[in-house]
Amino acid sequence: MHIVQVGMEYDVLKENNKIANSNYRLLKKHDIRTIELMGSIGSGKTALIIKLAERLRKKGLRICAIAGDVTGEDDQRRMKESGLDAVNCNTGHECHLDANLVKKSLDSMDLDRYDVIFIENVGNLVCPADFPLGADYRVVVISTTEGDDMVRKHHDIFLHSDVAILNKIDISDAVGVDPEIIKEDYKRLTGGLKSMYTCSVKTEDGIDELVSVLGL
Ligand code: MG
Ligand code: ZN
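Residues numbered from 1 in each chain as written. Chains lettered and ligands numbered in written order. Predicted model: local features only at pLDDT ≥ 70, side-chain atom pairs only at ≥ 80, totals over all residues. Heavy atoms only, no water.

Counting 28 residues, the largest nonpolar core has Leu37, Leu48, Leu52, Met79, Phe118, Val139 and Leu216 as the members making the most contacts within it. Per-element tally for this core: the top contributor is helix H2 (residues 45–58), with six residues. If we skip the residues at most four places from it in the chain, Leu48 touches Leu37, Val141, Ile165, Val201, Ile207 and Leu210. (Core = buried A, V, L, I, M, F, W, Y, C linked by side-chain atoms within 4.5 Å. Buried < 20%, exposed > 50% of the residue type's maximum accessible area, 1.4 Å probe, protein only. Helix = DSSP H or I, 4+ residues; strand = E, 2+ residues; numbered from the N terminus. Contact = heavy atoms within 4.5 Å.)

See the structure below:
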């Protein structure tokens, strides 16, 4: 986990926001649209990025992904096997990406080669909320297998994100979860202003709608 001292936490977050702003400006200078995906381990972030990227490539867009994980290169490898350019970004021991780690990844890339960048955060529904990275959209991905109480348990991540997606809608019956409960919780949390989008990365239900929701 991050931080112990309250005063230090404030400085760390302020510094992160400063770097996130400069990441955002750098990406805009290169005319790149950037989507960050947050969510638990196993919610389907990597698979969703791969599916979205397939569609965007057909539109002629040039895509890269930054695969954030504590250790290992498994997600980056899956992305590359699908034909997607991908950069690995290990946090070492931290349970979230921060703007400085993303800055280092961006510095290692030729940004003129890309139109869209996906940033996959570390599987975690808690601290990524506090660390914006400089993306256009912060997206949170949950899945029906995580239970119907995810919104009630994790207000912060939903309030700090622009778009919420409920994945694995095809197996909601099998896991005994009513998607309507989750969607209602989200609607209530966001004051009735926002709706959660549903999809199944496996059956590809809802993926085309997400492409347009994300302005891609
Ligand atoms: Mg992943
Ligand atoms: Zn963390």
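Take the packing of aromatic side chains next. This model, assessed by the stated rule, comprises one aromatic pair. Taking the centre distance of 5.9 Å and the plane angle of 65° together, the rings of Phe158 and Tyr186 count as edge-to-face. With Phe158 in helix H6 (residues 155–159) and Tyr186 in helix H7 (residues 179–189), the pair connects residues that are 28 residues apart, well separated along the chain. By relative accessible area, which is 1% here, Phe158 ends up buried. Using a relative accessible area of 0% as the deciding quantity, one classes Tyr186 as buried. (Phe/Tyr/Trp six-rings, centres within 6.5 Å; stacked < 30°, edge-to-face > 60°.)

Expected angles at a metal are 109.5 degrees for tetrahedral coordination by four donors and either 90 or 180 degrees for octahedral coordination by six donors. Every protein donor of the magnesium ion (ligand 1) is listed here as Thr46 (OG1), Asp75 (OD) and Glu120 (OE), and their distances to the metal cover 2.1 to 2.3 Å. Within one chain, the residues serving as donors to the magnesium ion (ligand 1) are arranged as T-x28-D-x44-E. Residue Thr46 is located in helix H2, and its partner Glu120 is located in strand E4 (residues 116–120); the two are separated by 74 residues in the primary sequence. Its relative accessible area of 4% is what places Thr46 among the buried residues. Of the residues examined, Glu120 reaches a relative accessible area of 3% and is grouped as buried. (Donors = N, O, S within 2.8 Å, 3.2 Å for Na, K, Ca; no water.)

What follows concerns helix H4 (residues 99–107). All of the buried residues along H4 are Ala99, Leu101, Val102, Ser105 and Leu106. For H4, the arc enclosing every buried residue in end-on projection is 160°, short of the 170-degree limit, so these residues lie on one face. The N-terminus of H4 is capped by Asp98, whose side-chain oxygen sits 3.0 Å from the backbone nitrogen of Asn100. (Arc of directions from axis to C-beta. Polar contact = N/O pair within 3.5 Å; in protein donor to acceptor, adjacent residues only side chain to side chain.)

Turning next to the coordination of the zinc ion (ligand 2). Protein coordination at the zinc ion (ligand 2): the donors are Cys95 (SG), His96 (ND1) and Cys127 (SG), at 2.0 to 2.3 Å from the metal. Along the chain, the residues donating to the zinc ion (ligand 2) are arranged with the sequence spacing C-H-x30-C. Of the two residues, His96 is situated in the loop between strand E3 (85–90) and H4 and Cys127 in the loop between E4 and strand E5 (137–143); the sequence distance between them amounts to 31 residues. Each of the two residues, His96 as well as Cys127, counts as buried.

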